[in-house]
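# Topology and contacts: notes
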Amino acid sequence: MNISLKGKRALVTGANSGIGQGIALSLAEAGAKVAVNYIVHPEAAEAVKETIDKKSEAITIQADVSNPEQVKAMFKQLDDSWGGIDILVNNAGIDGKRMMSWEADLDAWRKVIEIDLIGAFSCASEALKRMTAQKSGVIINITSVHEVIAWSGYSAYTAAKAALGMLSKTLAQEAAPYGVRVLSLAPGAIQTPINQDVWSNPDTLKDLLEKIPLNRMGKAEEIGKMAVLLASDFASYLTGTSVFVDGAMTDYPDFSHGG
Ligand code: NAP
């Protein structure tokens, strides 16, 4: 059985790097047309488009997801180019700078929430206007194992990802009567630029690998393949839940001994 997304119109936010790029390429591999959203680095977005154009069709759209006007303009561009949207992947995100809550810079804290949570909501809201009207569509919100695992120094990130997980469930409930599915895809440690400081240092990499039963970091394409599955009819009865793709990080390997 092959998964085909032929003819589907997808938007992946933050698709010029890391996991978003992996998802965009995987969706295109399955036949979807992909809009590659980015905020800076247009040359990276253009490179993703060029790769996709060899298999399917792509456009690039610059928009800051934390800016509602830019989000509206991005969806207008999608309407003008392809007449709408079938698959939205809310991937754009930052983890912000590490700061304990008692020394937090509120503007920096708010920025994480504005991109990771409100940005995802703005895009979902625009997508759902179209999907509920056409009575079909899938939204995949990229959360994180930090939907459920606390992380000292990153309270904005963990709060945003946990909230995004519940947002997915609520939007799924709202959208279900219209045949629209909403899911969270929660990656574990995936090797991308966001965590380069961790995987490029042998000591911090060793510490990280001890937290992952499969004993390796994941690859962006492993998240991409899961996004293809979730977006397809193979997952037609799956909505309102989070799918963890994390090498069993949420299995808490410290409990493999003692206890
Ligand atoms: P990444 O390589 O740093 O990619 C982040 C992407 O988000 C970039 O394309 C960036 O665009 C885009 N972006 C940032 N702010 C934006 C904004 N305001 N508007 C539009 N796009 C924006 O990181 P990644 O690891 O692939 O992370 C992607 C997603 O996966 C994030 O939501 C992250 O929280 C989540 N995640 C990652 C991991 C992991 O281990 N890597 C684990 C769990 C969850 P520019 O390059 O143009 O700035």
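Residues numbered from 1 in each chain as written. Predicted model: local features only at pLDDT ≥ 70, side-chain atom pairs only at ≥ 80, totals over all residues. Heavy atoms only, no water.

Moving on, we get to the site of the ligand. Residues in close proximity to the ligand total 30 residues, the closest being N16, S17, V40, Y157 and T192. N91 has a polar backbone atom sitting 2.8 Å from an oxygen atom of the ligand. One of the side-chain N or O atoms of T192 is found 2.5 Å from an oxygen atom in the ligand. In the complex, the protein chains occlude 91% of the 890 Å² of accessible area that the ligand would expose alone. Those elements that provide at least two residues to the shell around the ligand are α1 (18-29) and α5 (155-175). (Near = heavy atom within 4 Å. Polar contact = N/O pair within 3.5 Å; in protein donor to acceptor, adjacent residues only side chain to side chain. Areas by Shrake-Rupley, 256 points an atom, 1.4 Å probe, with all protein chains shown as cover. Helix = DSSP H or I, 4+ residues; strand = E, 2+ residues; numbered from the N terminus.)

Right, let's get into the environment of G218. Looking at the secondary structure, you find G218 in the loop between α7 (202-209) and α8 (220-231). Given the relative accessible area of 12%, G218 is considered buried. Along the chain, G218 and Q191 lie 27 residues apart, while their C-alpha atoms are 6.2 Å from each other. Other than its neighbours up to four places away in sequence, G218 contacts A189, I190 and Q191. (Buried < 20%, exposed > 50% of the residue type's maximum accessible area, 1.4 Å probe, protein only. Contact = heavy atoms within 4.5 Å.)

Tallied over the entire structure, the rule returns 14 salt bridges. The salt bridge partner of K76 is D80, with a shortest N-O separation of 2.8 Å. Here K76 pairs with D80, and both are found in helix α3 (residues 68-82), just four residues apart, close to one helical turn. Residue class for D80 comes out exposed when judged on its relative accessible area of 56%. (Salt bridge = Lys/Arg side-chain N within 4 Å of Asp/Glu carboxyl O.)

Quick look at the packing of α1 against α8 now. Where α1 contacts α8, the two axes come as close as 7 Å, and the packing angle between them is 50°. The orientation of α1 relative to α8 falls into the category oblique. Regarding α1 and α8, the two cross each other, and that crossing is right-handed. For the pair α1 and α8, contact is made by G18, I19, G22, I23, S26 and L27 and by A220, E221, I223, G224, K225, A227 and V228, respectively. Residues that form the contact of α1 with α8 fall into these classes: seven nonpolar, four polar and two charged. (Axes fitted to C-alpha atoms, helices over the stretch in contact; angles between N-to-C directions. Parallel < 35°, antiparallel > 145°, perpendicular 65-115°, else oblique. Left-handed = near helix turned anticlockwise from the far one by under 90°. Nonpolar A, V, L, I, M, F, W, Y, C, P; charged D, E, K, R; others polar.)

Burial along strand β1 (residues 9-12) is two-sided: R9 and L11 facing one way and A10 and V12 facing the other are all buried. Where β1 meets strand β2 (residues 33-38), four bridges bridge the pair, whose relative direction is parallel. Among the inter-strand pairings, V12 is bridged to a residue of β2, identified as V36. Following the chain from β1 across α1 to the adjacent parallel β2, one finds a crossover that is right-handed. Taken together, the three bridges between β1 and strand β4 (residues 87-90) define a ladder with parallel strand orientation. (Pairing = 2+ DSSP bridges. Right-handed = clockwise from strand over helix to strand, strands pointing away.)

Tracing the backbone shows S122 in helix α4 (residues 106-134). Exposure remark for S122: the relative accessible area of 14% places this residue in the buried category. S122 has contacts with V65 and V71, leaving out every residue within four places of it along the chain.

What follows concerns the sheet that holds β4. Across the sheet, which stays open at both edges, the seven strands sit in the order β3-β2-β1-β4-β5-β6-β7 with parallel pairing between neighbours. Of all the strands in the sheet, just β3 (58-62) and β7 (242-245) have a single pairing partner and so form its edges. Taking each pair of neighbouring strands and ignoring which way they run, the sheet shows an average axis angle of 20°. Of the pairings in the sheet, the one linking β4 to strand β5 (residues 137-142) comprises four bridges and is parallel in character. Its bridge partner lying in β5, V89 is registered against I140. Against the sheet, α8 contacts β4, β5, β6 (180-187) and β7, and its axis sits at roughly 160° relative to β6.

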